[in-house]
Amino acid sequence: MTAPIVTRFAPSPTGFLHIGGARTALFNWLYARKFGGKMLLRIEDTDRERSTEPAIAAILDGLKWLGIDWDGDTVFQFARADRHREVAEQLLAAGKAYHCYATADELREMREKARAEGKSKLYDGRWRDRAATAAEAGMKPTIRLKAPLTGETVIDDQVQGRVVWQNENLDDLVLLRGDGNPTYMLAVVVDDHDMGVTHVIRGDDHLINAARQKQIYDALGWELPSMSHIPLIHGPDGSKLSKRHGALGVDAYRAMGYVPAALRNYLVRLGWSHGDQEIFSTEEMIAAFDLSAIGRSAARFDFAKLENLNGHYIRHSDDQALVTMFEDVLSYVSNGAAVKAKLNDVTRAQLLQAMPGLKERAKTLIELIDNASFIFADRPLAMEPKATAVLTPETRALIGKLQPVLAKVTDWSAATTEAAMRTFAEANGLKLGAIAQPLRVALTGKTTSPGIFDVLAVLGRDECLARLADQASV
RNA sequence: GCUCCCUUCGUCUAGCGGUUAGGACGUCGCCCUCUCACGGCGAAAACAGCGGUUCGAUUCCGCUAGGGAGCACCA
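Scoring rules and cut-offs
- Residues numbered from 1 in each chain as written.
- Chains lettered and ligands numbered in written order.
- Predicted model: local features only at pLDDT ≥ 70, side-chain atom pairs only at ≥ 80, totals over all residues.
- Heavy atoms only, no water.
- Helix = DSSP H or I, 4+ residues; strand = E, 2+ residues; numbered from the N terminus.
- Contact = heavy atoms within 4.5 Å.
- Salt bridge = Lys/Arg side-chain N within 4 Å of Asp/Glu carboxyl O.
- Buried < 20%, exposed > 50% of the residue type's maximum accessible area, 1.4 Å probe, protein only.
- Pairing = 2+ DSSP bridges.
- Axes fitted to C-alpha atoms, helices over the stretch in contact; angles between N-to-C directions.
- Near = heavy atom within 4 Å.
- Polar contact = N/O pair within 3.5 Å; in protein donor to acceptor, adjacent residues only side chain to side chain.
- Nonpolar A, V, L, I, M, F, W, Y, C, P; charged D, E, K, R; others polar.

A. A look at the side chain of S228. Its place among the elements puts S228 in strand β10 (residues 226–230). In this structure, S228 is in contact with D157, Q158, V159, V200, I201, R202 and L291, ignoring residues within four places of it in sequence.

B. Representation of the pattern of salt bridges in the model. Summed over the entire model, instances satisfying the criterion amount to 32 salt bridges. Residue R50 is joined to D47 by a salt bridge in which the shortest nitrogen-to-oxygen separation is 2.9 Å. Of the residues examined, R50 reaches a relative accessible area of 54% and is grouped as exposed. For R269, the salt bridge goes to E278, with nearest N and O atoms at 3.4 Å. When its relative accessible area of 33% is taken as the criterion, E278 is described as partly exposed. Each of R8, R42, E44, R80, R83, E86, D191, D192 and D194 takes part in a single network of salt bridges with overlapping partners.

C. Focus on the sheet that holds strand β3 (residues 75–76). Pairing is parallel across the open sheet formed by three strands, whose spatial order is β1-β2-β3. What marks the edges here is a single partner per strand, and that holds for β1 (6–9) and β3. Where strand β2 (residues 38–43) meets β3, two bridges bridge the pair, whose relative direction is parallel. Each residue of the ladder has a partner; that of I43, found in β3, is F76. Those strands touched by helix α1 (residues 19–34) are β1 and β2, and its axis lies near 165° from that of β1.

D. Expanded view of the protein's contact with RNA strand B. Near RNA strand B, the surroundings consist of 66 residues, among which S120, R177, G271, R361 and R440 are the closest. The backbone of G178 places a nitrogen or oxygen atom 2.8 Å from a base oxygen of RNA strand B. Split by residue class, the surface near RNA strand B holds 21 nonpolar, 23 polar and 22 charged.

In short, shape yes, function no, at least from these values alone.
Have a look at this one:
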């Protein structure tokens, strides 16, 4: 019987859940689910200045929207400060740590000196073996780890491979601040240990922290969890992801009309692959996910591919489910309220009826909303610029001739209106397209739409004839 | 500057010593067609450079170049 897998997602609540964090959460979640383990959630709120309640809410909301759930109660790191202090004291008592009375000025000097000499070690260890009596009175000391001076610190990373640091390049890190608060480095180690975390899966930016944390684990005599440092996500130009690029909160992706399944699928394939497979259901993702298949280089964020995937998931979604998604997303999009005001049993039914045609041509829910606008439009129709150009005196006349023909259709449906139109076209020596386009414009105010016969059927006889009358001239 | 990581089509990637270097997105053709999409068919498009190791390197090693991360009493 092997020990159960425990992973964790540990965001610091200083902002929204960004796309990189979402991927990290996803990977942790997949790994835990694959092995029937647990994924824990820990909010790293020890930075009291920057941590906010809205940020916590945004992160939880983002995870929920993405369909990522976690096990057990959410752990708040700040609440565990006493325990962190206790461990620091324990290390101190065991001679594995020491009080450091160096002042901020001294530390700055050391840093400048190190840089000038090309050394990576910032702190010179001056209080390592010095008695506290030498300290200035009233000075609050920090507690520093007595890190090994020689040898090497090795991390066998599941993604990055074996990574080695020479201990002479690693200085004595601060465990407890002068004000008695634990540092991130200490808190993470203690929390991961106490929470029983077996696998740490996090961003590449923590790779060096792994070495420092390993030293704390060693001093404590605790076993280091399995480490996996996944490459970061870059902007389309290869530079660090910034607000200019895709460093948006997941809520922004929701507002752009992306669906969770598509974002999950896109994110999982960013840096991870399973042969040539591109589309993964959640079950397939869980079954196929594997740390060893994660690449080591950073991946650029590509909206075009996300959009393609999103279109795929929209096309393959159930019509009724799409109506629900349509309705839900209205709360998050700019002109959503206006559409929402028009939703009633009639328009909802029309939307459902039009959905097979609508979903074929929408890459995002925004496009879906836009293409469905003919259902919610008021007469007389607002015309988009390109549509206006279609309405020439000739095409208006054509609409005028067509209207009585359609008026004769009593058993109104896509099939009967199509038959009437084809007969009309033939009788006038016209191609179907020559009539379909003006008709489309008159009915939707746009030059593109789902199949025109579907539009006719969805709108119904009376509404269609009225809209045609608005644009016709005889 | 220092420590560490990375490098296959424009992008995401497959490849784990011998392949016509595969797939997907995007791009460009053609077909389908009432528009736009969808779908189908096809095309262009990559092993960063230089040295080794080897009968043979995209694959192993080294160097160079180019990216990236970190370097706090932040997380």
